[in-house]
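Below, each chain spelled out in residue letters.
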Amino acid sequence: MTKLSVNINKIATLRNARGGNIPNVLQTALDIEKFGAQGITVHPRPDERHIRYSDVRELKPLLKTEFNIEGNPVKKFIDLVLEVKPAQVTLVPDAEDAITSNAGWDTVKHRNFLKEIILEFKNNGIRTSIFVDPEINQIEGAAQTGTDRIELYTEAYALTFAEGHKAGVKPYAECARKAHELGLGVNAGHDLSLENLKYFNEEVPFLDEVSIGHALISEALYLGMETTVKRYLELLK
Ligand SMILES: CC(=O)[C@@H](O)[C@H](O)COP(=O)(O)O
Ligand SMILES: NCC(=O)COP(=O)(O)O
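Residues numbered from 1 in each chain as written. Chains lettered and ligands numbered in written order. Predicted model: local features only at pLDDT ≥ 70, side-chain atom pairs only at ≥ 80, totals over all residues.

(A) Structural context of the overall build of the protein. Helix and strand content of the protein: 11 helices and eight strands. Seen through its principal axes, the protein has C-alpha atoms that stretch 45 × 40 × 30 Å. For the protein, the proportion of its 237 residues judged to be buried stands at 44%. (Helix = DSSP H or I, 4+ residues; strand = E, 2+ residues; numbered from the N terminus. Buried ≥ 20, exposed ≤ 12 C-beta atoms within 10 Å, placed from the backbone.)

Here it is in structure tokens:
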């Protein structure tokens, strides 16, 4: 069964809009765990526009499920992850001014850089994952960095699915097969939703985990958080 890790960035976006503590990010994470999600994901950005570094420190001792911290491995981020020691770190090559993550790593060009950081995280008992576009050479490059897993960047799939083109899932299935063949675990995320997740999960083999935030939190406005999380879990059975 594919695991669901809920990305709570957008809960923090809402909280930060007023400067107080509504909604309570920590409590929401605990409730999401109670509703059955198998993990919590956060993506602290250097400007702390949503999740703050202090949230990450406070979440760790409270969570009972897998904690996944995503981000660009700049020094401040590396130090935070090594201090907090989550179950998993996902490396994402974010440009500082990007509104959201918009590309995977070039694992061939940045192989030595990634290799070095991955070794450090793994030596600290942290599982590693690299955010990649669904291209076979990027999966092969990722395998050479020593990473435990890859995370397939699913925005292109979500876009084509919304336009009615189901064939957009094919490169993801091929990359998942290649990753498995090379001994890598397979995660996926970005713009997955109640609409497009079922087909993705059916078509892409060896899927260990999906991390989902933007759509899930938006859907929860209508359905409520408990119903929404449970609907996702049903789709992943
Ligand atoms: C790595 C990834 O796919 C992103 O979806 C990210 O975690 C979302 O970040 P924002 O919430 O800042 O858009
Ligand atoms: N890694 C992807 C993630 O955590 C959530 O992405 P999104 O659902 O907010 O697009």
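(B) Summary view of the site of ligand 2. Taken together, 13 residues are adjacent to ligand 2, and Asn7, Gly189, Ser211, Gly213 and His214 come closest. Going through the elements one at a time, strand S8 (207–212) and helix H10 (214–223) are the ones with two or more residues in the shell around ligand 2. When the residues that make up the shell around ligand 2 are grouped by side-chain class, the tally is three nonpolar, seven polar and three charged. (Near = placed C-beta within 6 Å. Nonpolar A, V, L, I, M, F, W, Y, C, P; charged D, E, K, R; others polar.)

(C) Structural view of the confidence of the model for the protein. Looking at the protein, the pLDDT average stands at 97 and 100% of residues meet or exceed 70. Quick note on the complex model: pTM equals 0.98, ipTM equals 0.97. (pLDDT = per-residue confidence, 0-100.)

(D) Spotlight on the pairing of strand S1 (residues 3–7). S1 sits mainly inside the fold: four of its five residues count as buried. The pairing of S1 with S8 spans four bridges and is classified as parallel. Of the residues in S8, the one forming a bridge with Ser5 is Ser211. Bridge count between S1 and strand S2 (residues 39–42): three bridges; the pairing is parallel. Residue Asn7 lies in a different strand from S2, and its bridge partner there is Thr41. (Pairing = 2+ DSSP bridges.)

(E) Region of the structure containing the sheet that holds S8. The eight strands lie next to each other as S1-S2-S3-S4-S5-S6-S7-S8, forming a closed barrel whose pairing is parallel. Each strand axis lies, on average, 25° off the axis of its neighbour in the sheet, ignoring direction. (Axes fitted to C-alpha atoms, helices over the stretch in contact; angles between N-to-C directions.)

(F) How the structure looks around the nonpolar core. Val6, Val132 and Ile150 are the most contacted members of the largest nonpolar core, which totals 59 residues. Each residue touching Val6, except ones within four places of it in the same chain, is listed here: Ile32, Ala37, Ile40, Thr41, Ile212, Gly213, Leu216 and Val229. (Core = buried A, V, L, I, M, F, W, Y, C linked by C-beta atoms within 7 Å. Contact = placed C-beta atoms within 7 Å.)

(G) Broad picture of H10. Residues of H10 that are buried: Ala215, Leu216, Ile217, Glu219 and Ala220. For H10, the secondary structure elements touched by its buried residues are S1, helix H1 (9–16), S8 and helix H11 (225–235). Phi for Gly224, located one or two positions after H10, is positive at around 90°.

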